[in-house]
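Chain by chain, the residues run as shown.
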Amino acid sequence: DECLDLPSKTRSVIPLDFFQPEYKVFPDKSWTQEYYDLREAIQQGEAHFSQLRQFIGRSKLTPSVNWIVDFLDSTDEKLVVFCHHVHLAKELIAEVNRRGKAKSEHKPIAVGFTGETSAEERNKAISKFQETKAKYPARVLVTTVGSGGTGLNLQVANQMLIVEATFSVGEMLQAEDRIHRSGQKTPCTIHYVIASGTYDRVLYRLLSSKMDMMNKVVDGDFSKDLNVFDEMMKEI
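Figured I'd write up the structure that's included with this text. (Residues numbered from 1 in each chain as written. Predicted model: local features only at pLDDT ≥ 70, side-chain atom pairs only at ≥ 80, totals over all residues. Heavy atoms only, no water.)

### As for the packing of helix α2 (residues 31-43) against helix α3 (residues 49-59)
- α3 packs onto α2 with a crossing angle of 165 degrees between their chain directions and a minimal axis gap of 9 Å. When the axis of α2 is compared with that of α3, the two are roughly antiparallel. Seen from above, α2 lies across α3 with left-handed handedness. Within the contact between the two elements, α2 uses Trp31, Glu34, Tyr35, Leu38, Arg39 and Ile42 and α3 uses Phe49, Gln51, Leu52, Phe55, Ile56 and Ser59.
- When the residues that make up the contact of α2 with α3 are grouped by side-chain class, the tally is eight nonpolar, two polar and two charged. (Axes fitted to C-alpha atoms, helices over the stretch in contact; angles between N-to-C directions. Helix = DSSP H or I, 4+ residues; strand = E, 2+ residues; numbered from the N terminus. Parallel < 35°, antiparallel > 145°, perpendicular 65-115°, else oblique. Left-handed = near helix turned anticlockwise from the far one by under 90°. Contact = heavy atoms within 4.5 Å. Nonpolar A, V, L, I, M, F, W, Y, C, P; charged D, E, K, R; others polar.)

Here's what the structure looks like:
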C-alpha cells in the first residue's frame, strides 16, 4: 500500500563528454591522454580499476559543482548529493559553499558527512539540512552512499544528484529511497552524472535496468543484493 501511494520517481542523465579537447587534468596533458594512459596501465597490470574510478570521480568535481550552483540559482528547492569517494564528497561541500557564497562557516549552503564524520557532527549536518524555516537554510546535503545511503529520512528534498554510483543495485535503490519513501508527497527526480564513453555509461545502464525490475520494493527489503561489477567488466 505504501508503495502504491508514492509519487512518481524519474531518473535523468547528466552526460559529461570529457573527451572534448578543453578538458585538462594537468597543464600539459589532456583528459583523453590521461584516461588512455591509465587504461593501458590497467591492462598491463600496472594500475588497478579503482584508480580509473577515482580519476573519473575527480573529473566530475567541477561540472557537478557547476550544475549544483545553477540548480541553487534556478530554484529554492533542496538537493541531496551522493558520491562514492570520501575526498570527492568533502571537495563538493567546500566548493559549493565557496561558489555559492555561503554567508559564513556557521551558515553554510552545503553540509554533509562521510564515514569519517563523528556521530555528533553527522546529526548536526542532517538537522541543518532538514530545517525549513531558518533565515539562511542549508540547501545541499552531500554524503557518500556508504555512510548516508540507508536509514535517513531526507524527504525535505525531492531532488537528488548521484555524482558517483556504486556497483550494487540494492545500495543505489536504498540511496534513492532517502527522498522517495513513504510520506513523500512530491514527485522526485534522481539525476545521475555520467561520463560518456567510459564504464560509467555501462554501469548506469545495468543499474537502471535492474533497479526498474526491483522498483516495487520499498526501503531496500531485497531478497538478494545484485552487484553488477562482473557484468560491467565483461562489457568493457
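### Describing helix α9 (residues 199-213)
- Counted at 1.5 Å a residue, the expected span for α9 with its 15 residues is 21 Å, and the 22 Å between its end C-alpha atoms agrees.
- Every buried residue of α9 is accounted for by Tyr199, Asp200, Val202, Leu203, Tyr204, Leu206, Leu207, Ser208, Lys210 and Met211.
- Lining the buried residues of α9 we find β1 (9-16), α3, α8 (169-176), β8 (188-195) and α10 (229-235). (Expected span 1.5 Å × (residues − 1). Buried < 20%, exposed > 50% of the residue type's maximum accessible area, 1.4 Å probe, protein only.)

### Notes on the nonpolar core
- Residues Ile68, Val81, Leu92 and Tyr192 are the most contacted members of the largest nonpolar core, which totals 70 residues.
- No other element matches the seven residues that α9 contributes to this core.
- Those residues in contact with Tyr192, other than ones at most four positions away along the chain, are Arg11, Ser12, Val13, Ile14, Ile162, Ala165, Met172, Glu176, Tyr204 and Met211. (Core = buried A, V, L, I, M, F, W, Y, C linked by side-chain atoms within 4.5 Å.)

### Describing the packing of aromatic side chains
- Under the defined criterion, the tally for this structure stands at 14 aromatic pairs.
- With 4.9 Å between their ring centres and 10 degrees between their planes, Trp31 and Tyr35 make a pair best called stacked. Of this pair, Trp31 and Tyr35 are both found in helix α2, four residues apart, which corresponds to roughly one turn of the helix. Tyr35 shares its class with Trp31; the two are buried.
- With a centroid separation of 5.0 Å and 65 degrees between ring planes, the pair formed by Phe49 and Tyr199 is classed as edge-to-face. In this pair, Phe49 sits in helix α3 while Tyr199 sits in helix α9, placing the two residues 150 residues apart along the sequence.
- We classify Phe49 as buried; its relative accessible area is 10%.
- Within the aromatic cluster, the residues linked to one another by ring pairs are Phe18, Phe19, Tyr23, Trp31, Tyr35, Tyr36 and Phe55.
- Looking at Arg53, its charged tip hangs above the ring of Phe167, at a distance of 4.2 Å from the centre.
- Over the ring of Phe129 we find Lys78, and its NZ or CZ is 5.2 Å from the ring centre. (Phe/Tyr/Trp six-rings, centres within 6.5 Å; stacked < 30°, edge-to-face > 60°. Lys NZ or Arg CZ within 6 Å of the ring centre and 35° of its normal.)

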